[in-house]
Structures are given as C-alpha cells and as structure tokens.
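Listed below are the residues making up each chain.
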Amino acid sequence: MRVDGELRVPGDKSISHRALLISALGEGPARIRGILDSADVRATARVLRSLGVAVPELSDDFVLVGVGHDGLQEPTVALDCGNSGTTARLVAGLVAASGFDALFEGDASLSRRPMRRIAEPLARMGASITFHGEQETLPMTVHGAVLGDVEWESETASAQVKSALLLAGLISGREVIVREPVRSRDHTERMLAARGAEVWVNEQAVMLLPGARIAQLDVDVPGDPSSAAFFAALAALADEGELRLPDVSVNLTRVGFYLTLKGMGADVASSNERQVGGEPVADLVVRPSRLVGIDLPPEQVPSMIDELPLLACVAARAEGETVIRGAGELRVKESDRIAAVVANLRAIGVEAEEHSDGMRVVGGRGPLHGFVETHGDHRLAMAFGVLAQLPGSEIAIDDRDCVAVSYPAFWSDVERLISR
Ligand code: S3P
C-alpha cells in the first residue's frame, strides 16, 4: 500500500468552537477563515443562534458580528448541543454568567456524559444547575446569576472545564483561577490573551484577571492535529510513499500523538513552523517505517487524549506491546473508549486487554478480519478505518457516517491518498 501526496486537513475542532464563541462575545465583525464545518461545530453555531447571535451558515471565509460581553439573549428553545461536549460545557459557562436560564439537551451519547465537573465550579461562582434525570447529565437547566470570583482545582486535565470557567469569568468580569494536574489544551487562554484580556499561565494554573474585556479579532483556524493524526498513522503504516500535511497546529498541548509515534520509530518531520493567530503551526511529512510498541507515560495522556483510540490501533501493527495508563477519562468520551477500543481490537483478531484507566495492546502481523462497532463515536470509526485500509484487512465498520462529527470528508480523503 502506498500513501502519497498532500492533504490540508480541515480546521481544528477545538479552535473552531472557540472562534465562534469568543467572536460572539466580542463587539462588531470578526472574519473567520478555515473553520471546520462539521456536526459538532454546527452545534455550537446553532446554540449561539438560539442565544440571539446572528451566526451565518458556516463556510471557509465568513464574518460573524459579535454581540459583546453582555449581549446574549435568553433562549426561547432548548439549546440542542447534539453530540458535542465542548458545546454543552463551554456554553454552560456563558449562560451561568448571563443572568438567564437555559435548558441544555444533547443526543444519547452526550446525555450520558458527566456534567458535574462544570456544575460544581459554576455553583461555586454562584450559578446553579438543575439536572432533569437521575444522573448529573443532560438534559440540564443552567440558571444564570451574578457570579463571584473562583479558584478551582480540577481533578482531571479538562480544557472544557477550564474554558467554561474562563468564559464565565470573562462575561461576569470576575477573577478565575483554574489548577489542573497536567495542563490541558490552552486555546481559550490563547484566544482571550490575543484579544487583550489579562491571562496569566504557568504549568499548573491559569488565571484570568478581573474586569477582563476582549477586543474583536479575526481568526485563521489551523489544521486539526487530531484529524491529521489518522493520516500520519496511515502514512507511517504504509509500505511506501510520502505524505505531506501542511498547516497543522503544533500547539504543545496537542502534539502528544506525534511525539509518541516518533517514539515508536515513525519518520515524522516538521518544518516551516510559524504563528497563525497566536497558535503555532507547521508542515508535517510522514514516511513509512517499522514501528515498535511503547509504554506511554501518563503525563503524555492529556496532550493526546483524543488520539488514544488511534494509538491503540497503530499499536496493533507495531512490534511488541503498548501500554496506556492514566487515561480513565477515555471512559467518559463520546463512547467508553477503553471498553470499545479493546472489544473492537479483539473482534478483529488483536490481543488486547482492558485496564480501569487504560489498556494493553499486543502488536502483530496476523490478518485483521472482523466487525467494528463504533457506538456512533467518530474517532473510533476513523481509528479502525485506518486499520481497514491495510493490505489483507477485512474490517467492516457499522457506522461510517459518524465521522461527520469532526471530519465529514474523511473517507474521500483516505481514498484520494491511497493506492493499492
Ligand atoms: C476539548 C477538550 C477535550 C477533548 C475534546 C475537545 C475542547 O475534552 O477530548 O475532544 O475543545 O476543549 P476534555 O476537556 O473533557 O478533556
């Protein structure tokens, strides 16, 4: 199998959500270029429209007119967050500080995901959240209030929790300090700082100073390293070829997968590093090589949390064992990504074992045959989609269309770059 050519992957999902949310809170027009047009980002656009922001239909280059820090309107409908945890959690922070109530809903997967992690700190600031079922999950109503300062120690590294609090602090003019065990992706603090808010960061904590105001700024969304990762894996596992991936975000809080792949022996080169809108971006080149298993250091997990299903799939074709630990968060993603990845690896003939906070995968060269159940989880579809391309694989995937959550053109991009 040959993987060859050039692919500019779609815009980064995390930055795309924040481009909409933060531009909505600025005053006047912001030009947004290269946004990801996928189901998750559409959910954020839809929810903002329900909050009175005139978000145009998403396209590669459009203008969003912000309503300012206190311009959001009380919604007359439930906020439908679809499959998107980022939408639900970040917008909960906005509503908490906006002084009105809003009902949040999501699909079956999102309605299983924990919301206590934002409810607790937002309550500490003065807002309250009512859960409408037996669990602390959606549907929930966020009751906005006049908020106070908060200093919060997050149990897990979560950019969604951190961002919900920072956005609540921005709207209410309060001081916010968030500490995390390991630093999570830092796009919110970068965007706020680029717009003039005073944000201090170090390895352990981020602090938004009180009275922060943001100026409006245009956004150029870099390519998504989490989407590019599938193609980097494909090129590393190929027999021949050379894949170029231009304009990929190489933000240090996001590049764990590439460092790990290199640690497994992959040939990954990066060049032309530059800053685009306050984010580091580079052009990557990946060539085939022999891979060996790895014992992943737990502190590496946050910077590749969304790539762990893919790492497990790559590990299935590496020499020796791969062990992932300290990744209990995987159980509360779009699916239980520990149980689902291990069950699917076994279903296609790979030796794998589930641990409470990770997994062990034994690499090999045997044929990969079987049926993969994605549970509607886009990253599972794409990770096993990579293995499905390898010579001799006969892997059927139950729901190929769920890639629309983050990468609608995934399958056609795969077809374009592979020759068999
Ligand atoms: C995201 C944060 C991560 C990540 C998710 C996107 C974000 O979730 O898994 O895909 O945009 O803030 P957590 O904050 O729950 O780790």
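Residues numbered from 1 in each chain as written. Predicted model: local features only at pLDDT ≥ 70, side-chain atom pairs only at ≥ 80, totals over all residues. Heavy atoms only, no water.

1. Comments concerning the site of the ligand
Turning to step 1, where the next piece is worked out: Around the ligand sit S14, R18, T86, R89, A157, S158, A159, Q160, R185, I305, D306 and K333, and those are all the residues in its vicinity.
Turning to step 2, where the next piece is worked out: At 3.5 Å from an oxygen atom of the ligand is found a side-chain nitrogen or oxygen belonging to T86.
Turning to step 3, where the next piece is worked out: The side chain of S158 places a nitrogen or oxygen atom 2.8 Å from an oxygen atom of the ligand.
Turning to step 4, where the next piece is worked out: In isolation the ligand exposes 380 Å². Once the protein is present, 95% of that is buried.
Turning to step 5, where the next piece is worked out: Sorting the residues of the shell around the ligand by element identifies α1 (13-25), α3 (85-96) and α5 (159-172) as the ones contributing at least two each. (Near = heavy atom within 4 Å. Polar contact = N/O pair within 3.5 Å; in protein donor to acceptor, adjacent residues only side chain to side chain. Areas by Shrake-Rupley, 256 points an atom, 1.4 Å probe, with all protein chains shown as cover. Helix = DSSP H or I, 4+ residues; strand = E, 2+ residues; numbered from the N terminus.)

2. Section: the environment of F384
Turning to step 1, where the next piece is worked out: Assignment of secondary structure puts F384 in helix α11 (residues 378-388).
Turning to step 2, where the next piece is worked out: C-alpha of F384 to C-alpha of P246: the two residues are 138 residues apart in sequence and 24 Å apart in space.
Turning to step 3, where the next piece is worked out: Excluding its chain neighbours within four sequence positions, the residues that come into contact with F384 are C313, V341, N344, L345, I348, V372, I395 and I397. (Contact = heavy atoms within 4.5 Å.)

3. With respect to the environment of A316
Turning to step 1, where the next piece is worked out: In this structure, A316 sits in the loop between α9 (308-315) and β18 (321-324).
Turning to step 2, where the next piece is worked out: Linking A316 and S406, residues 90 residues apart in sequence, is a C-alpha distance of 24 Å.
Turning to step 3, where the next piece is worked out: The residues contacting A316, other than those within four sequence positions of it, are L345, V350, V361, V362, G363 and G364.

4. A few points about helix α10 (residues 337-347)
Turning to step 1, where the next piece is worked out: Residues R337, I338, A340, V341, V342, N344 and L345 constitute the buried set of α10.
Turning to step 2, where the next piece is worked out: The elements touched by buried residues of α10 are α9, β19 (351-355), β20 (358-362), β21 (369-372) and α11.
Turning to step 3, where the next piece is worked out: Among the residues of α10, the N-terminal cap falls to D336, whose side-chain oxygen and the backbone nitrogen of I338 are separated by 3.1 Å.
Turning to step 4, where the next piece is worked out: Directly after α10, the chain includes G349, whose backbone phi takes a positive value near 100°. (Buried < 20%, exposed > 50% of the residue type's maximum accessible area, 1.4 Å probe, protein only.)

5. Remarks on unusual backbone geometry
Turning to step 1, where the next piece is worked out: Following L138, the chain continues to P139 via a peptide bond in cis, the omega torsion being -5°.
Turning to step 2, where the next piece is worked out: The topology assignment puts P139 in the loop between β7 (128-131) and β8 (140-143).
Turning to step 3, where the next piece is worked out: Notably, D247 is not glycine yet its phi reads approximately 60°, a positive angle.
Turning to step 4, where the next piece is worked out: One can find D247 in strand β14 (residues 243-249).
Turning to step 5, where the next piece is worked out: For H375, which is not a glycine, the phi torsion comes out positive at approximately 55°.
Turning to step 6, where the next piece is worked out: In this structure, H375 sits in the loop between β21 and α11.

6. Quick word on the sheet that holds strand β17 (residues 295-296)
Turning to step 1, where the next piece is worked out: The four strands lie next to each other as β17-β18-β20-β19, forming an open sheet whose pairing is mixed. Edge strands, defined here as strands with exactly one partner in the open sheet, are β17 and β19. (Pairing = 2+ DSSP bridges.)

7. Some remarks on the side chain of S406
Turning to step 1, where the next piece is worked out: Structurally, S406 is set in the loop between β22 (394-397) and α12 (410-417).
Turning to step 2, where the next piece is worked out: By relative accessible area, S406 is classed as buried at 1%.
Turning to step 3, where the next piece is worked out: Engagement of the side chain of S406 in a polar contact is seen with the side chain of H378, the distance being 2.8 Å.
Turning to step 4, where the next piece is worked out: If we skip the residues at most four places from it in the chain, S406 touches K13, L36, S38, S227, H378, R379 and M382.

8. Let's talk about the packing of aromatic side chains
Turning to step 1, where the next piece is worked out: For the structure on display, the rule yields six aromatic pairs.
Turning to step 2, where the next piece is worked out: Between F257 and Y258, the ring centres sit 5.8 Å apart and the planes meet at 80°, which makes this aromatic pair edge-to-face.
Turning to step 3, where the next piece is worked out: Residue classification places F257 among the buried positions, given a relative accessible area of 0%.
Turning to step 4, where the next piece is worked out: Ring plane angle 75° and centroid distance 5.6 Å describe the contact between Y407 and F410, whose orientation is recorded as edge-to-face.
Turning to step 5, where the next piece is worked out: Assessed through its relative accessible area of 0%, Y407 is described here as buried.
Turning to step 6, where the next piece is worked out: Of the residues examined, F410 reaches a relative accessible area of 1% and is grouped as buried.
Turning to step 7, where the next piece is worked out: Grouping aromatic residues by their ring pairs yields a cluster made of F230, F231, Y407, F410 and W411.
Turning to step 8, where the next piece is worked out: Note that R400 overlies the ring of W411, its terminal NZ or CZ placed 4.0 Å from the centroid. (Phe/Tyr/Trp six-rings, centres within 6.5 Å; stacked < 30°, edge-to-face > 60°. Lys NZ or Arg CZ within 6 Å of the ring centre and 35° of its normal.)

9. What about the domain arrangement of the chain?
Often the size quoted for an interface is simply the accessible area lost on bringing the parts together.
Turning to step 1, where the next piece is worked out: Domain annotation of the chain identifies domain 1 (13-220) and domain 2 (222-419).
Turning to step 2, where the next piece is worked out: Computed over C-alpha atoms, the centres of domain 1 and domain 2 are 28 Å apart.
Turning to step 3, where the next piece is worked out: Contact with domain 1, which involves 23 residues of that partner, is made by 24 residues of domain 2.
Turning to step 4, where the next piece is worked out: The contact between domain 1 and domain 2 buries some 2000 Å² in all, and 49% of this surface belongs to carbon and sulfur atoms.
Turning to step 5, where the next piece is worked out: The largest share of the area that domain 1 buries against domain 2 comes from K13, R185 and R190, three residues that together contribute 27% of it.
Turning to step 6, where the next piece is worked out: Applying the counting criterion to the domain 1 and domain 2 interface returns three salt bridges.
Turning to step 7, where the next piece is worked out: Note that R117 is salt-bridged to E329, the shortest N-O span being 2.9 Å.
Turning to step 8, where the next piece is worked out: Here domain 1 and domain 2 share 13 residue pairs in polar contact (both at pLDDT 80 or more) between them.
Turning to step 9, where the next piece is worked out: Only α1, α2 (39-50) and α6 (187-194) provide two or more residues apiece to the side of domain 1 that touches domain 2.
Turning to step 10, where the next piece is worked out: Looking at which element gives the most residues to the side of domain 1 that touches domain 2, the answer is α1, with three residues. (Domains from an automatic or database assignment. Buried area = accessible area lost by both parts, 1.4 Å probe. Salt bridge = Lys/Arg side-chain N within 4 Å of Asp/Glu carboxyl O.)

10. Some remarks on helix α8 (residues 256-263)
Turning to step 1, where the next piece is worked out: Listing the buried residues of α8 in full gives G256, F257, Y258, T260 and L261.
Turning to step 2, where the next piece is worked out: On its buried face, α8 is in contact with α7 (225-237), β15 (267-276), β16 (279-287), β17 and α9.
Turning to step 3, where the next piece is worked out: A positive phi of about 110° marks G265, the residue just after α8.

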